[in-house]
Number of protein chains: 4
Amino acid sequence: MVIIMNPDATRENIENVVEVIENAGLEAKVMEGTQQKIVGVIGDKTKLGQTPFGAMDGVEKSVEISKSYKLASREFHPKSTVVDVDGVKIGDGNFVVMAGPCAVESREQLFEAADIAKKGGAQMLRGGAYKPRTSPYSFQGLGEEGLKYLAEAKERTGLKIVTEVTEVETVEQVAYYSDLLQIGARNMQNFRLLKEAGRCNKPIMLKRGISATLNEWLNAAEYIMNEGNQNVILCERGIRTYETYTRNTLDLSAVPAVKHLSHLPIVIDPSHGTGKWRMVKPMAFAAVASGCDGLIMEMHPNPAKALSDGAQSLTPENYLSLMDGVKKIHSFLEDEGLLLKTV
Amino acid sequence: MVIIMNPDATRENIENVVEVIENAGLEAKVMEGTQQKIVGVIGDKTKLGQTPFGAMDGVEKSVEISKSYKLASREFHPKSTVVDVDGVKIGDGNFVVMAGPCAVESREQLFEAADIAKKGGAQMLRGGAYKPRTSPYSFQGLGEEGLKYLAEAKERTGLKIVTEVTEVETVEQVAYYSDLLQIGARNMQNFRLLKEAGRCNKPIMLKRGISATLNEWLNAAEYIMNEGNQNVILCERGIRTYETYTRNTLDLSAVPAVKHLSHLPIVIDPSHGTGKWRMVKPMAFAAVASGCDGLIMEMHPNPAKALSDGAQSLTPENYLSLMDGVKKIHSFLEDEGLLLKTV
Amino acid sequence: MVIIMNPDATRENIENVVEVIENAGLEAKVMEGTQQKIVGVIGDKTKLGQTPFGAMDGVEKSVEISKSYKLASREFHPKSTVVDVDGVKIGDGNFVVMAGPCAVESREQLFEAADIAKKGGAQMLRGGAYKPRTSPYSFQGLGEEGLKYLAEAKERTGLKIVTEVTEVETVEQVAYYSDLLQIGARNMQNFRLLKEAGRCNKPIMLKRGISATLNEWLNAAEYIMNEGNQNVILCERGIRTYETYTRNTLDLSAVPAVKHLSHLPIVIDPSHGTGKWRMVKPMAFAAVASGCDGLIMEMHPNPAKALSDGAQSLTPENYLSLMDGVKKIHSFLEDEGLLLKTV
Amino acid sequence: MVIIMNPDATRENIENVVEVIENAGLEAKVMEGTQQKIVGVIGDKTKLGQTPFGAMDGVEKSVEISKSYKLASREFHPKSTVVDVDGVKIGDGNFVVMAGPCAVESREQLFEAADIAKKGGAQMLRGGAYKPRTSPYSFQGLGEEGLKYLAEAKERTGLKIVTEVTEVETVEQVAYYSDLLQIGARNMQNFRLLKEAGRCNKPIMLKRGISATLNEWLNAAEYIMNEGNQNVILCERGIRTYETYTRNTLDLSAVPAVKHLSHLPIVIDPSHGTGKWRMVKPMAFAAVASGCDGLIMEMHPNPAKALSDGAQSLTPENYLSLMDGVKKIHSFLEDEGLLLKTV
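Residues numbered from 1 in each chain as written. Chains lettered and ligands numbered in written order. Predicted model: local features only at pLDDT ≥ 70, side-chain atom pairs only at ≥ 80, totals over all residues. Heavy atoms only, no water.

J.: Would you mind going over the overall build of chain A with me for this structure?
T.: Summing up its helical and strand segments, chain A has 10 helices and 14 strands in all. Across its three principal axes, chain A shows a C-alpha extent of roughly 75 × 45 × 40 Å. Looking at chain A as a whole, 68% of its 343 residues are labelled buried. Restricting to contacts in chain A with at least 6 residues of sequence separation, those with at least 24 account for 67%. Total accessible area on chain A is roughly 11,000 Å²; 45% of this is exposed by carbon and sulfur atoms. For chain A, the distance from the average position of its 39 positive side-chain charges to the average position of its 44 negative side-chain charges is 5 Å. (Helix = DSSP H or I, 4+ residues; strand = E, 2+ residues; numbered from the N terminus. Buried < 20%, exposed > 50% of the residue type's maximum accessible area, 1.4 Å probe, protein only. Contact = heavy atoms within 4.5 Å. Areas by Shrake-Rupley, 256 points an atom, 1.4 Å probe, with all protein chains shown as cover. Lys, Arg positive; Asp, Glu negative; His and termini not counted. Charge placed at Lys NZ, Arg CZ, Asp CG, Glu CD.)

Structure representation (structure tokens):
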């Protein structure tokens, strides 16, 4: 951490800052120039806790330099993590696709979707049983019934199941029926839910919050990992910006950023990332080339009748065409040694 | 709702859209120009559910025109709501101040803060017992012990208590010890928590999400109200923008916007809104003049020793000076008939 | 400046960074902890030019700590600047209002607007002769003819004239007819125009760019001042955020921020800041209470017939009512010693 | 356009709106439901000019539905445009790379960069002679001398020249020495410069503004095209968001969006888009797979000594490695029929 003093900070102001640092058992280094005085801190900064230097006399501001997450950091864990989802490995160079409807609407709809997902080559089936919706009047999901259909679809197709958990009370239930628990963008800083997920024995897919920084996202992963669950997959799903043509702005640069900062695998959601089915294929291709570990996409047997997110869902035909391209591109990159692993 | 067709949409495409609308028992009106074809929908749009027009052939996009929230809308409830917090009225022209430390750190710290809050003229005491923190290694609050100190501080000073609830499991507990439950920015779309708050018999203060639109915020209030609890106070606390000089960008225009769109009272949090104690006073004065119903502010007996948010906490001295100004400005505006109620 | 090294940076990497700093005649201070190695730089950092430390081996990133603007900085010029616009002083505690139509549409329209502006107590008349418009097919202004009407309106009412200059070629012409040249948000980083404005003998009002940081804004002012023109007034007019209910998000915290960082006066534009006439009055009141030096607002004799920005223009009636409040509030704050000057 | 009336709008209010529309020679269609009244407009909306419906009594807001740009729109010009830059075609499926230093610093530096660019397979050389810089104290470029070096580098290598023009006065000069004129992000709404570029006989590369919407960007292209120059290439270079880890957030979804909305070619700038050399390669690969028409990248013989943008510049070694991958990926996509042209 570096503390920047006001131009008119007194000697006493600086000494007070140094004292606080030294009292925490750390070393302070003062740098004084004609324009500026700064105090650097060396050592384990967690000892400083949340010391509010900004509230001390003579301080202009403090700048955090070290990361507050450790378990999620590549610095402390250089080797890339491979997450095992009931036999499907994510993070080892393999490319994993999760596909299926936004919401489980009925057994028939889900089975139809599962068959198509399987046919296209996905390894996992997605489908929401608990749906977080902006309006209380929107379809909220089938709940446990939906989870049962998902488990049946797994038996039928062998596809592993990923589904969202939105509440602490249902973590156990969702973990019972599924293979990978998704924590959605709106819950990325629902810390109680993160902790519960950290105590669960299934892997977790943590979506980036709607306007979360990379730092906040990796700290959210830290909450899960700090409870003992190291099997965390990150999922970039677009961030909120001023642009309204797309539902969100898909930040593909999160892929190399996460690969640099963390050892956790990262997958891309081009469906939420764009909000428009027309844009899913080009963004899926781009995601593969960026070096991510997989994709999660919305596909519906009949998007025009979907109970949620129809506008961003692929038709079976478009899905199959997309998958054909994704597989070819990934194989090519692998064969040519062009897959970017760490950056 | 208005559905905009592609320039090359066929007659059949338009008829399909019209059919979906009419099947839902609504009236469709087609407008065709040389450049453009659009279909308007008349009637109760909730009947359309989430029909994904964007997934239908020939459709460019659909534009929502009506609000999805009803209970929170001024349109359906023209009279301004007055929320009663154990005798303190918010929303009736009275100006309510909630002040206190970010976190309850100890009985002594809280009692000292409460005495100062009272002296300055606040009607309510704030203080967090459960703290949502970006990093799992930051101080997480004293929990129930903190709530007990808050209840004791109320006995001592008569100040009403507002404190944050972060989990479904503790709603009852927090409601037991406090007078107004705060739902924080990170939980604004924690729908399960919103519903639980809606079943609670205490009023709720709902903070705007870190990057929530006004529409999402009012829909979040709708979740609470839809469960039966109409006593909702909105709190603007700054939104996330590209500017990093301030912690958030305080959006004071939310005051007239909310007064126009909704009947619920709105208070301003200039502490989180700016992140810098130096800016709290000018923004508090501005907030009063904007016509809001109150303020919530962080004040600490000794900000430089605060366990959280010290940099944005007022010292007792600055707090008392601020309160003196706030009271004068509000009285003046009231006397001169310059308080802006509905807009 | 502080240079943060990678965890695996070598001794040689650090020595290379130190060498670059010392070669520039500056002092480098290395701080090494177990987690982290950083290099601090002391002295006049402009000597380092744009040294791209981020491109050197072993460097994670560099963090700028000192400001790159000097002339606009309060640090180097503690006394607040008072700008004299043909006798009207801005920045000395006086409150200055500039009102008038978005665009000069005709002599009659402008004269009518000028008479109303004057009646309400504004000291300056605004009106665009050269209009920057998103679409080339929108009304682009009357050009020199508009400037002449403005000059006539000044003769008629005594109001000083503020109008936008959009091109280097017309700086001289606009300066001839007006008293204060506005550089609009879209041109805030039109550096050639800034330099030309810096060579002009009239004061300049520099609007904040649509998504400009405070740092970029003050650097833009520096461009003008560096050419010799110290008479710069800053104007906050709303920034671009994800919220679409308002045209922009008015950032009133720019007032205390600018008062802290700079000695230049700052005025607020609640018309562009909100885009809705209904919100102009509450935001104008809030602006006064925030401690700004003045307002610039759009008012039109008949907004429903305006050729541009009608939706955010005040009617004469609303303008007069607003002005009555603004004057009362400012006088009250002044009398009570509640005007916030430096922060 | 659709005009949404207030819930309490009177019959007279609606009639007034209809009258304005009909007076402009257009047809109005009123839709009235129990909750809502809206008025649709049919016909050539440019006849309405900028009619400020938002200022009329009883109007809540108006929603624009049709695009204001025509010449840049695919709707009116379905065939993709191919721009010819002195023999190099952009937009016909060919993949074009522009590489070189941020700024021309010396003849030697530029020639060295040109040789490497050529060796890697770029068809064009980039290099700034006029540099727009945030601070007036940063290196501002060599001016005409830099342009001469660029022209010499073309003679030497055969690479076509792209360089930025920042001022109306130098358009002719820059057009004389170069093959493609770049209008930078900060000047995207410098309308005077756009018009001048529109009168120039060289093609123009228009960068997206720092926080420009797709709609504003295409309207900026319209300014150029409306003056007669149809040879416009769009360049996405990252947009400003709340995330600070990257310099900008590269919006690759602009590729399919532009291909859908417009017939103009689009290239990607992963250097400015990320601000970090480490991220340029993965984003370049992703860009190719997204279906864009080319890349523009910063490469410097010695980034650690660059006078600007060193931290995002590729070393020769990294550049050559990147180019090898880009060429392979593009060829593969082409051979497999996976290049996405229109979306």
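From this point, the discussion proceeds with the structure in view.
J.: Would you take a moment to explain the sheet that holds strand E2 (residues 27–32) of chain B for this structure?
T.: Note: strands within a sheet are paired through backbone hydrogen bonds, in either parallel or antiparallel orientation. All names here are of chain B. Reading across the sheet, the four strands line up as E2-E3-E1-E4 and stay open at both edges, with antiparallel pairing between neighbours. A strand with exactly one partner marks an edge of an open sheet, and here the two such strands are E2 and strand E4 (59–63). With direction set aside, neighbouring strand axes in the sheet form an average angle of 20°. Note that strand E1 (residues 2–5) and strand E3 (residues 37–42) share three bridges and pair antiparallel. For Ile4, the partnering residue across the bridge sits in E3 and is Ile38. Packed onto the sheet, helix H1 (residues 11–23) meets E1, E2, E3 and E4 and runs at close to 155° relative to E2. (Pairing = 2+ DSSP bridges. Axes fitted to C-alpha atoms, helices over the stretch in contact; angles between N-to-C directions.)

J.: Help me understand the interface of chain B and chain A, please; the structure alone is not making it clear to me.
T.: As a measure of interface size, the accessible area lost when the parts come together is often cited. At the junction of the two partners, chain B supplies 49 residues and chain A supplies 49 residues. Taking both partners together, chain B and chain A bury about 4,100 Å²; carbon and sulfur atoms supply 47% of that area. Along the contact surface separating chain B from chain A lie six salt bridges. B:Arg192 is the partner of A:Glu169 in a salt bridge, and the nearest nitrogen-oxygen pair spans 2.8 Å. For the pair chain B and chain A, the number of links is 19 residue pairs in polar contact (both at pLDDT 80 or more). Looking at the side of chain B that touches chain A, the elements with two or more residues in it are E4, helix H5 (191–198) and helix H6 (214–226) of chain B. No other element matches the five residues that H6(B) contributes to the side of chain B that touches chain A. Looking at the side of chain B that touches chain A residue by residue, the class counts come to 20 nonpolar, 16 polar and 13 charged. (Buried area = accessible area lost by both parts, 1.4 Å probe. Salt bridge = Lys/Arg side-chain N within 4 Å of Asp/Glu carboxyl O. Polar contact = N/O pair within 3.5 Å; in protein donor to acceptor, adjacent residues only side chain to side chain. Nonpolar A, V, L, I, M, F, W, Y, C, P; charged D, E, K, R; others polar.)

J.: Would you mind going over helix H9 (residues 280–290) of chain B with me for this structure?
T.: Residues that lie three or four places apart on an α-helix share one face, since the helix turns once every 3.6 residues. All names here are of chain B. Most of H9 sits inside the fold, with 10 of its 11 residues counted as buried. Inspection of H9 places Val280, Pro282, Met283, Ala284, Phe285, Ala286, Ala287, Val288, Ala289 and Ser290 among the buried residues, and these make up the whole buried set. Looking one or two residues beyond H9, the residue adopting positive phi is Gly291, at roughly 100°.

J.: Looking at this model, I keep getting lost on the relation of the copies chain A and chain D. Mind explaining?
T.: Two chain copies here: they are related by a rotation about an axis and a translation along the same axis. Overlay of chain A on chain D (RMSD 0.0 Å): rotation 180°, translation along the axis 0.0 Å. Within this description, the copies of the chain are treated as partners about a two-fold rotation axis. Taking the C-alpha atom as reference, chain A places A:Ala286 closest to the rotation axis, 2.0 Å from it. Of the interface residues in chain A, 100% have counterparts in chain D that sit at the interface too, so the contact is made through matching surfaces. (Least-squares fit on C-alpha atoms with pLDDT ≥ 70 in both.)

J.: Help me understand the packing of H6(B) against helix H7 (residues 254–261) of chain B in this model?
T.: Axes are the key here: two packed helices are described by the angle between their axes and the distance separating the axes. Residues and elements named next belong to chain B. Where H6 contacts H7, the two axes come as close as 12 Å, and the packing angle between them is 55°. When the interaxial angle is binned, H6 and H7 end up oblique. When you trace H6 past H7, the crossing you get is right-handed. Contact with H6, carried on its side by Leu214, Trp217 and Leu218, involves Ala254, Ala257, Val258 and Leu261 of H7 and no other residues of that element. (Parallel < 35°, antiparallel > 145°, perpendicular 65-115°, else oblique. Left-handed = near helix turned anticlockwise from the far one by under 90°.)

J.: Would you mind showing me how to read the sheet that holds strand E4 (residues 59–63) of chain A here?
T.: All names here are of chain A. Strand order across the open sheet formed by four strands is E2-E3-E1-E4, with antiparallel pairing between neighbours. If you trace the sheet from one side to the other, it starts and ends with strand E2 (27–32) and E4, each paired once. In this sheet, neighbouring strand axes are inclined to one another by 20° on average, regardless of whether the strands run parallel or antiparallel. In this sheet, E4 lies alongside strand E1 (residues 2–5) in antiparallel orientation, the contact comprising four bridges.

J.: Help me understand the pairing of strand E14 (residues 294–298) of chain A, please; the structure alone is not making it clear to me.
T.: The side chains of a regular strand alternate between both faces of the sheet. Residue and element names in this part refer to chain A. Counted residue by residue, E14 has five buried out of five residues, so it is predominantly covered. A two-sided burial pattern is seen for E14, the buried positions comprising Gly294, Ile296 and Glu298 on one face and Leu295 and Met297 on the other. Pairing of strand E7 (residues 96–100) with E14 involves five bridges; the strand directions are parallel. By the bridge assignment, Gly100 is partnered in E14 with Glu298.

J.: What is the right way to look at the state of the cysteines in this model?
T.: One covalent bond between the sulfur atoms of two cysteine residues makes up a disulfide. Inspection of every chain in the model, using the stated rule, returns zero disulfides over all chains. Free of any disulfide, A:Cys200 has its nearest cysteine sulfur in A:Cys235, 18 Å distant. On the accessibility criterion, A:Cys200 (11% relative accessible area) is buried. Between B:Cys235, a cysteine without a disulfide, and B:Cys292, which holds the nearest cysteine sulfur, the sulfur-to-sulfur distance is 9.6 Å. For B:Cys235, a relative accessible area of 0% translates into the label buried. (Disulfide = S-S within 2.5 Å.)

J.: It is not clear to me how the packing of aromatic side chains should be interpreted in this structure. Could you clarify?
T.: For any pair of aromatic rings, geometry is given as the distance between the ring centres together with the angle between the planes. Overall, the coordinates contain 10 aromatic pairs over all chains when judged by the stated rule. The ring of A:Tyr245 is capped by A:Lys276, whose NZ or CZ atom sits 4.5 Å from the centre of that ring. (Phe/Tyr/Trp six-rings, centres within 6.5 Å; stacked < 30°, edge-to-face > 60°. Lys NZ or Arg CZ within 6 Å of the ring centre and 35° of its normal.)

J.: For this particular structure, what's the right way to read unusual backbone geometry?
T.: The phi torsion at B:Asp309 lies on the positive side, around 60°, for a residue other than glycine. Relative to the helices and strands, B:Asp309 resides in the loop between strand E14 (294–298) and helix H10 (316–335).

J.: Honestly, the pairing of strand E10 (residues 180–183) of chain B in this entry has me stumped. Any pointers?
T.: All names here are of chain B. Covered by surrounding structure in E10 are Leu180 and Gln182 together with Leu181 and Ile183, the residues of both alternating faces. Tracing the backbone out of strand E9 (residues 160–164), into helix H4 (residues 171–177) and back to the parallel element E10 gives a crossover that is right-handed. Where E10 lies against strand E11 (residues 204–207), three bridges are found, and the strand directions are parallel. Counterpart to Gln182 in the pairing with E11 is Met205. With respect to chirality, the unit in which E10 leads through H5 into the neighbouring parallel E11 is right-handed. (Right-handed = clockwise from strand over helix to strand, strands pointing away.)

J.: It is not clear to me how the interface of chain A and chain D should be interpreted in this structure. Could you clarify?
T.: Between chain A and chain D, the residue contacts involve 40 residues of the former and 41 residues of the latter. Contact with chain D buries area across many residues of chain A, yet A:Tyr242, A:Tyr245 and A:Phe332 alone supply 17% of it, more than any other trio. Along the contact surface separating chain A from chain D lie four salt bridges. For the salt bridge of A:Arg208 with D:Glu243, the shortest nitrogen-to-oxygen distance reads 2.9 Å. Applying the counting criterion to the chain A and chain D interface returns eight residue pairs in polar contact (both at pLDDT 80 or more). Of all elements in the fold, only helix H7 (254–261), helix H9 (280–290) and helix H10 (316–335) of chain A reach the threshold of two or more residues within the side of chain A that touches chain D. Ranked by residues supplied to the side of chain A that touches chain D, first place goes to H9(A) with seven residues.

J.: I keep staring at the pattern of salt bridges and nothing clicks. Help me out?
T.: A side chain of one charge can pair with a side chain of the opposite charge when the charged atoms of the two come close. If you walk through the whole model with that rule in mind, you get 88 salt bridges over all chains. The partner of B:Arg240 in a salt bridge is A:Glu216, and the shortest N-O contact between them spans 2.6 Å. Note that B:Arg240 is positioned in the loop between strand E12 (232–236) and H7 and A:Glu216 in helix H6 (residues 214–226), a pairing that runs across two chains. Judged by its relative accessible area of 18%, B:Arg240 is buried. D:Arg199 is the partner of D:Glu227 in a salt bridge, and the nearest nitrogen-oxygen pair spans 3.1 Å. Note that D:Glu227 is positioned in the loop between helix H6 (214–226) and strand E12 (232–236) and D:Arg199 in the loop between helix H5 (191–198) and strand E11 (204–207), a separation of 28 residues in sequence. By relative accessible area, which is 49% here, D:Arg199 ends up partly exposed. Salt bridges sharing common partners tie together A:Glu167, A:Glu169, B:Arg192, B:Glu196, B:Arg199 and B:Glu227.

Remember, this is a structural readout, not a statement about activity or role.
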